[in-house]
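Read off the chains here:
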Amino acid sequence: MSIVLYNTRTKKKEPFEPLRPGEVSMYVCGVTVYDDCHLGHARSALTFDVIRRYFEFSGYRVQYVRNFTDIDDKILNRAQKEGVPWQEISKRYIQAFYRDMGALGITKPHAEPRATEHIADILRMVQGLVNKGLAYAIDGDVYFSVGKFPTYGQLSGKNLEELQAGARIEIDPRKQDPMDFALWKASKPGEPGWESPWGTGRPGWHIECSAMSVAKLGPTFDIHGGGKDLIFPHHENEIAQSCGYTGKDFARVWVHNGFVTVDKEKMSKSLGNFFTIREILDKSPVSASAFITGECLRYYLLSTHYRSDLNWSEQSLPEAKAALDNLYGLIQRLEESGSQEPMASDEELERALKHFAHKFMESMDDDCNTPKALAAFQEFRGEVNKLLVKGLSGYAKKTAIGNLKKFGEPLGLLQIPSKEWPFIAPSKEKSMLLEGKAGEHTPLIGSRIVSKSSEWIEQQIQLRKEAREKKDFITADNIRKELAENDIILEDRPDGTTRWKR
RNA sequence: GGCGCCGUACCCAAGUGGCUAAGGGAGCAGUCUGCAAAACUGCGAUUCAGCGGUUCGAACCCGCUCGGCGCCUCCA
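Worth saying up front: this structure is predicted, and the values here are computed from it rather than measured.

About the thresholds
- Counting from 1, residues in each chain are numbered in the order their sequence is written.
- Numbering of ligands from 1 and lettering of chains from A proceed in the order in which they are written.
- Thresholds applied to this predicted model are a pLDDT of at least 70 for local features of residues and 80 or more for the giving and counting of side-chain atom pairs; totals over whole chains, interfaces and linings are not thresholded and use all residues.
- Calculation of side-chain values draws on the structure's entire complement of heavy atoms; hydrogens and water are dropped beforehand.
- Numbering goes from the N terminus for both helices and strands, where a helix is a DSSP run of H or I of at least four residues and a strand is a run of E of at least two.
- For every residue, the accessible area obtained with a 1.4 Å probe (protein chains only) is divided by the maximum for its type, and the residue is called buried under 20%, exposed over 50%, and partly exposed between those limits.
- Here, two residues are considered to be in contact whenever any of their heavy atoms come within 4.5 Å of each other.
- Where accessible areas are quoted, they stem from the Shrake-Rupley method and a 1.4 Å probe; at the residue level, only the protein chains shown are allowed to cover.
- Residues scored as positive are Lys and Arg, those scored as negative are Asp and Glu, and His as well as the terminal groups of each chain are ignored.
- Lysine's charge is taken at NZ, arginine's at CZ, aspartate's at CG and glutamate's at CD.
- The working definition used for a salt bridge is a side-chain nitrogen of Lys or Arg within 4 Å of a carboxyl oxygen of Asp or Glu.
- Residue proximity to a molecule or strand is established when one non-hydrogen atom of the residue lies within 4 Å of it.
- The term polar contact refers here to a pair of N or O atoms within 3.5 Å; inside protein, the definition further demands a hydrogen-donor-capable atom paired with an acceptor-capable atom, and it admits residues adjacent in sequence only when both atoms are side-chain atoms.
- Throughout, the ten residues Ala, Val, Leu, Ile, Met, Phe, Trp, Tyr, Cys and Pro are labelled nonpolar, Asp, Glu, Lys and Arg are labelled charged, and all others, Gly among them, are labelled polar.
- What makes two strands pair is DSSP finding at least two bridges between them.
- A fitted line through C-alpha atoms serves as each axis, taken over the contacting stretch for helices, and the angle formed by two N-to-C directions is quoted from 0 to 180°.

## Some remarks on the overall build of chain A
Consideration 1: Scanning chain A from terminus to terminus reveals 16 helices and 17 strands.
Consideration 2: For chain A, the spread of C-alpha atoms along the three principal axes comes to 95 × 55 × 35 Å.
Consideration 3: Every one of the 502 residues in chain A was classed for burial, and the buried ones make up 52%.
Consideration 4: By sequence separation, contacts in chain A at least 24 residues apart represent 76% of the contacts at least 6 residues apart.
Consideration 5: Summed over all atoms, the accessible surface of chain A reaches about 23,300 Å², with 51% contributed by carbon and sulfur.
Consideration 6: Across chain A, the centroid of the 69 positively charged side chains sits 2 Å from that of the 71 negatively charged ones.

Put into structure tokens, the structure is as follows:
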């Protein structure tokens, strides 16, 4: 079985065949660091994080590169607006990027080049294109001549005549062709710049990705990714520059993720209809009581196929959390002691496990079908719950847990201890109250502050048990109530013992 | 104007030519239970925006219509 990916270039799903056996080289367009990331950025980062993880899970050695564009008009504009050096802007938002991606559990790429670290590579490429006659300089600017690149438009399925007919930009009369785009831009007074054969200037928008990908992965590599809004002109231009310069093939497979939309409209800075990752994680716009974690957001984003658009709605996060509660709840029950002896149901578990593993991999192999992969998890959960009623050996339970975690890994789910999973969502107010008391002795579960220690809870359960044995249900119910007020719920088992969650 | 995508149950969402149209959330009923929760069992699209066509057979292919969106300008 091999992994199949949809290739934008051929408009088809294709079995993935790496350039070098057992290795995958991938370059993904990161962000221009001029503001906080919104959900759309999260989706892109997550899509390629999962693709990368799944390749590794499948035994490939992956070389994953994702850039920062840290010099650009938007950064300069923002710096000017705030009256700070432009480097301060890029530095600030690179940090913000790491903070947000960390919360989402996005693994770090192997290399994260920044445009400003590759000025020499950029200049070499621009010069090379000029030497080959594919680019020309005017007044310190250098433009790529699209007319000299016969296959221009092959990725996006556009042709030059159509593009010109629909051109909405005002045309720079100095350009030989309206579609020609800037490789290098002369610095205006007061703007940052680097010395070049054409005077002081800075890179155009598209060239940095060509220079960095070729520098890090060589002229030809396996996968190039990004949001589908980058297909044209960004990726089209990257192909023209890179192939024009190296004379070799560029990326073999082009992978593009769909948008996050709001009321079916693309989430974007210009429309102003965006939610930043920080906002969603911190302010919890879903509901005041929902305890939102990056993992819920991850589950939510993965519950739609990466190429489809995903319409954001506030109820999605609680739904994702409910689905995760069920999975973590299963793990919690599996962690409880089981029979030392093998049991009849153990064999059935083996079968369920085989089916789960098969469906999971089959789904992921098929163009990273994460919604189907999640369905495999949920089906497995149902099977194991049934077997748990019949009884499973301790060994079988451990096997089940091991596999849930193993297959959760490429999705970045189910990796924290079940004890740290917040089954009960403390209200926003209560969380803040607890944080306010952080200086005092406050129990900590994972990174979460909780109101009561496990010892205290166990003690209360014991008191309740004694009350129940005396049929003093009023006392017993009061204890349950008090625990509930502290976001702890009790589940009585048939054998008289009590399980608790928070 | 050019190119392209989408429309599946109350909500989210797989499926893109043939096994009962996955899965999650919400809901209802039942088992269990002092109560509660969990778990389990059952119920929930004779139907895939609409209309035609191709086919032995279509949610899936083709055409048209309706509705929504995207790219062609910065954008993940």
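So that's the structure; there's more coming.
## Examining the pattern of salt bridges
Consideration 1: Under the counting rule described, the total for this entry stands at 37 salt bridges.
Consideration 2: In this structure, Lys-228 and Asp-309 form a salt bridge, with 3.1 Å as the shortest nitrogen-oxygen distance. Placement of Lys-228 in the loop between β9 (221-227) and α7 (231-246) and of Asp-309 in the loop between α9 (294-302) and β13 (310-311) is noted, with a sequence separation of 81 residues between them.
Consideration 3: Given a relative accessible area of 30%, Lys-228 falls into the partly exposed group.

## Some words on the protein's contact with RNA strand B
Consideration 1: Within the structure, RNA strand B sits among 60 residues, and Lys-74, Trp-205, Gly-227, Gln-315 and Asn-326 are positioned closest to it.
Consideration 2: Within 4 Å of the protein, atoms of RNA strand B come from sugar and phosphate in 63% of cases.
Consideration 3: Contact distances for RNA strand B include 2.9 Å between a base nitrogen and a backbone N or O atom of Gly-40.
Consideration 4: A per-element tally of the surface near RNA strand B places helix α12 (residues 370-390) first, with 10 residues.
Consideration 5: Its residues assigned to classes, the surface near RNA strand B shows 17 nonpolar, 23 polar and 20 charged.

## A closer look at the sheet that holds strand β3 (residues 23-32)
Consideration 1: Read across the sheet, four strands follow the order β4-β3-β9-β10 without closing on themselves; strand pairing throughout is parallel. The open sheet has two free edges, formed respectively by β4 (61-69) and β10 (251-257), since each of these has just one partner strand. Adjacent strand axes in the sheet meet at a mean angle of 20° when their direction is disregarded.
Consideration 2: As judged from the three bridges shared by β3 and β9, these two strands associate in the parallel manner. What sits directly across from Val-28, in β9, is Gly-225.
Consideration 3: The strands touched by α7 within the sheet are β3, β9 and β10, with β9 carrying the most contacts at an inclination of about 155°.

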